[in-house]
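An overview of the molecular structure
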Amino acid sequence: MIQFTIKSNEFSYDMRALAQSFFPEKTCQVMQQEGWQNKRTYPLRCEMDDRLILDTELPEGYTKDSVKRLVYQKFCELSGRELPWGILTGIRPAKIPLRMMMAEGGTFFESDCAQQEICERVKRCLVTDYLVDERKAKLAVDVAQKEHELIHGFNHRAGYNIYIGIPFCPSICQYCSFSSYDIARFENQVDDYLGALQKEMEVVGRHYANRELHTIYVGGGTPTAINESQLERLMESIHRFLPMEKAAEFTVEAGRPDSITEEKLRILKRAGVTRISVNPQTMKQHTLALLGRKHTVEQIRNCFYQAREIGFDNINMDLIVGLPEETEEDFYETLRQVDEMSPDSVTVHTLVIKRASRMRREQMEEMEKGGELLSEDLLIPKLQNAAEDFLRERGYQPYYMYRQKNKAGTTRNTNQENVAYARPGKECLYNIFIMEELETILALGSGGSTKVVYPDENRMERIENVKSVHDYITRIDEMIARKQNGGLLG
């Protein structure tokens, strides 16, 4: 047990995040010290397993980052190790460098020399002030620089983006914690779901007709799990009710090869989809079977090349580091095979066994029988670095990343980043907008989480849709009312 006593609850998240990063096997509690308000100093105490490890008085005005550095240094002493991301505890490590670059105004774009100087200054800040190691600092700065280049010139106040959720899959992957449903069990509800979605789409499109739709992203689930006529209906509804002529990007996650047909690809192409994903996760057949993905490695290749023949020139592929029973060589072989196909972007995820996943539930059942938790590969940081080097050498540049939260288990391998690499001009703008929280994201469909950005007030609010497919269908008017009550629909 780790217990903090500190002046304010505003420190709770950061203290817990640091404690869990260094000592994930321990629980953490943050207590607020009463009676400090009229004093010029306030206490910072930390006990670990009933042993006092930190006890000091801090002057009023001591910043949150200063407190985090103090705690971080003490945890470094106790654990004998440092964290690659230093005191950064959020899931968006590129957010700080991006804001620093944006604060430079037009100076940033005056010349290559100006950009280089600013990026070096930002990197030094990450290393010195946030204690990030050199490699991660460079990665964060490279991502932020690419983000800044891509979104420069967009009107963030007038702009918005749309996410459409199709929560059905051919089967549910072992590691999945999303609100996804087996299409075989829910196929009799798909048409009603599309009808409810169309109703939400129509209202949103009408109220946002005079705003700038920057991107639209159809995700899930696996949107191509629905049949061809249903996919055609979805595309027609999008074009009928949303101002697609204004959108700079239209992405659909084709995702699972066992959900893709030639006709579905042609439907997407006719609808003007500019970017799709064909996601293998791994190119090892044994692992695919372990994960519950009912398709073959050969199907991955066939779908990819079929999409190329139909004319898709922006195809992403997702990979996962740290899959069960995979060796270092297995991951390198996946990289080599994906490289042979030459996708336009590759997103490298780290396996995170979240509490809501089937893999986690099965682990807990195994523990109850006297077994052990699945141990994550200690080579994950090495494989992440190897993937970065491999992809950079082949002309892919990092443009988007985030770190995982809500992780189960007791591994020290916490908060590993997921990074998207793309060839120039093949990046996904939607990913940047949703990660950096610069523009409103209107989320339609079950499980949708709308993020309303108020740039002038430097704040953001969420409006949630229900996760249940049945509830979404029967309560669609309520979902629309939630957006209206949140001030989104006038």
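It should be emphasised that the depicted structure is a prediction, and the values quoted were computed from it without experimental measurement.

In this structure, serine 277 sits in strand 10 (residues 275-278). Given the relative accessible area of 3%, serine 277 is considered buried. Only 3.3 Å separates the side chain of serine 277 from the side chain of asparagine 316, close enough to count as a polar contact. Setting aside its immediate chain neighbours within four residues, serine 277 contacts Val252, Glu253, Ala254, Gly255 and Asn316.

The next thing to look at is unusual backbone geometry. Following glycine 220, the chain continues to glycine 221 via a peptide bond in cis, the omega torsion being 10°. With respect to the helices and strands, glycine 221 occurs in the loop between strand 8 (212-220) and helix 8 (228-241). Positive phi outside glycine occurs at glutamine 281, with the angle close to 70°. As for its placement among the helices and strands, glutamine 281 is situated in the loop between strand 10 and helix 10 (285-291). Here glutamine 281 falls in the buried class, since its relative accessible area comes to 9%.

A few words on the confidence of the model for the protein. For the protein, the mean per-residue pLDDT works out to 88, and 89% of the residues sit at or above 70. Predicted confidence for residues 354-377 stays below pLDDT 50, and this span has 53 contacts to residues more than four positions away or in other chains. Taken together, the stretch residues 408-413 has pLDDT below 50 and engages in 21 contacts with residues farther than four places along the chain or on a different chain.

Another point: helix 15 (residues 429-436). Among the eight residues in helix 15, seven count as buried, and that is most of the element. For helix 15, every residue scored as buried is listed here: Leu429, Tyr430, Asn431, Ile432, Phe433, Met435 and Glu436. Just past helix 15, the residue glutamate 437 takes up positive phi, approximately 55°.

Here we come to helix 5 (residues 134-151). Under the 1.5 Å per step criterion, the end-to-end length of helix 5 is 26 Å for 18 residues, consistent within 8% with the ideal 26 Å. Listed in full, the buried residues belonging to helix 5 are Lys136, Ala137, Leu139, Ala140, Val141, Asp142, Val143, Ala144, Gln145, Glu147, His148 and Ile151. Those residues of helix 5 that are buried lie in contact with helix 3 (95-102), helix 4 (112-129), helix 14 (380-393), strand 13 (397-403), strand 14 (417-422) and helix 15. Where helix 5 begins, one side-chain oxygen reaches toward the backbone nitrogen of arginine 135, 3.1 Å away; that side chain belongs to aspartate 133. At the exit of helix 5 stands glycine 153, carrying a positive phi of roughly 100°.

A few words on the nonpolar core. Within the largest apolar cluster, 145 residues are counted, with the highest numbers of intra-cluster contacts made by Phe75, Ile164, Phe168, Leu234, Met235 and Ile238. In terms of residue count, helix 7 (residues 190-207) provides more of this core than any other element does, eight residues in total. Beyond its immediate stretch of four places on either side in the chain, isoleucine 238 contacts Ile164, Met201, Ile216, Val218, Met244 and Phe250.

In this section: the pattern of salt bridges. Inspection of the entire model under this criterion finds 43 salt bridges. The partner of aspartate 55 in a salt bridge is arginine 45, and the shortest N-O contact between them spans 3.2 Å. Within this pair, whereas aspartate 55 is found in strand 4 (residues 51-59), its partner arginine 45 is found in strand 3 (residues 41-48), the two being separated by 10 residues in sequence. Residue class for aspartate 55 comes out partly exposed when judged on its relative accessible area of 48%. Overall, arginine 45 belongs to the partly exposed group, its relative accessible area being 28%. Arginine 92 is the partner of glutamate 437 in a salt bridge, and the nearest nitrogen-oxygen pair spans 3.0 Å. With glutamate 437 in the loop between helix 15 and strand 15 (440-444) and arginine 92 in the loop between helix 2 (64-79) and helix 3, this residue pair connects regions lying 345 residues apart in the sequence. Bridged by salt links that share partners, the residues Arg135, Lys138, Asp142, Glu388, Asp389 and Arg392 form one connected network.

The next thing to look at is the environment of glutamate 329. Relative to the helices and strands, glutamate 329 resides in helix 12 (residues 328-341). Among the residues examined, glutamate 329 registers a relative accessible area of 44% and is labelled partly exposed. Measuring from C-alpha to C-alpha, the distance between glutamate 329 and leucine 383 comes to 9.9 Å, with 54 residues separating the pair along the chain. A polar side-chain atom of glutamate 329 sits 2.2 Å from a polar atom in the side chain of arginine 336.

Our next topic: the packing of aromatic side chains. With the rule as written, the count across this model stands at 17 aromatic pairs. With centroids separated by 5.5 Å and ring planes inclined at 80°, the aromatic side chains of phenylalanine 154 and phenylalanine 433 adopt a geometry described as edge-to-face. Residue phenylalanine 154 is located in the loop between helix 5 and strand 5 (159-166), and its partner phenylalanine 433 is located in helix 15; the two are separated by 279 residues in the primary sequence. By the ring-pair criterion, three or more aromatic residues cluster together here, those being Phe4, Phe22, Phe23, Tyr72 and Phe75. Over the ring of phenylalanine 312 we find lysine 269, and its NZ or CZ is 5.2 Å from the ring centre.

So, about the packing of helix 3 against helix 4. Their axes nearest at 10 Å, the elements helix 3 and helix 4 cross at an angle of 140°. Taken together, helix 3 and helix 4 sit at an angle that is classed as oblique. With respect to the hand of their crossing, helix 3 and helix 4 are arranged in right-handed fashion. Each of Ile96, Pro97, Met100 and Met101 in helix 3 lies in contact with helix 4, whose residues at this interface are Ile118, Cys119, Val122, Cys125 and Leu126. Grouping the amino acids of the contact of helix 3 with helix 4 by side-chain chemistry returns nine nonpolar, no polar and no charged.

Conventions used here
Residues numbered from 1 in each chain as written. Predicted model: local features only at pLDDT ≥ 70, side-chain atom pairs only at ≥ 80, totals over all residues. Heavy atoms only, no water. Helix = DSSP H or I, 4+ residues; strand = E, 2+ residues; numbered from the N terminus. Buried < 20%, exposed > 50% of the residue type's maximum accessible area, 1.4 Å probe, protein only. Polar contact = N/O pair within 3.5 Å; in protein donor to acceptor, adjacent residues only side chain to side chain. Contact = heavy atoms within 4.5 Å. pLDDT = per-residue confidence, 0-100. Expected span 1.5 Å × (residues − 1). Core = buried A, V, L, I, M, F, W, Y, C linked by side-chain atoms within 4.5 Å. Salt bridge = Lys/Arg side-chain N within 4 Å of Asp/Glu carboxyl O. Phe/Tyr/Trp six-rings, centres within 6.5 Å; stacked < 30°, edge-to-face > 60°. Lys NZ or Arg CZ within 6 Å of the ring centre and 35° of its normal. Axes fitted to C-alpha atoms, helices over the stretch in contact; angles between N-to-C directions. Parallel < 35°, antiparallel > 145°, perpendicular 65-115°, else oblique. Left-handed = near helix turned anticlockwise from the far one by under 90°. Nonpolar A, V, L, I, M, F, W, Y, C, P; charged D, E, K, R; others polar.

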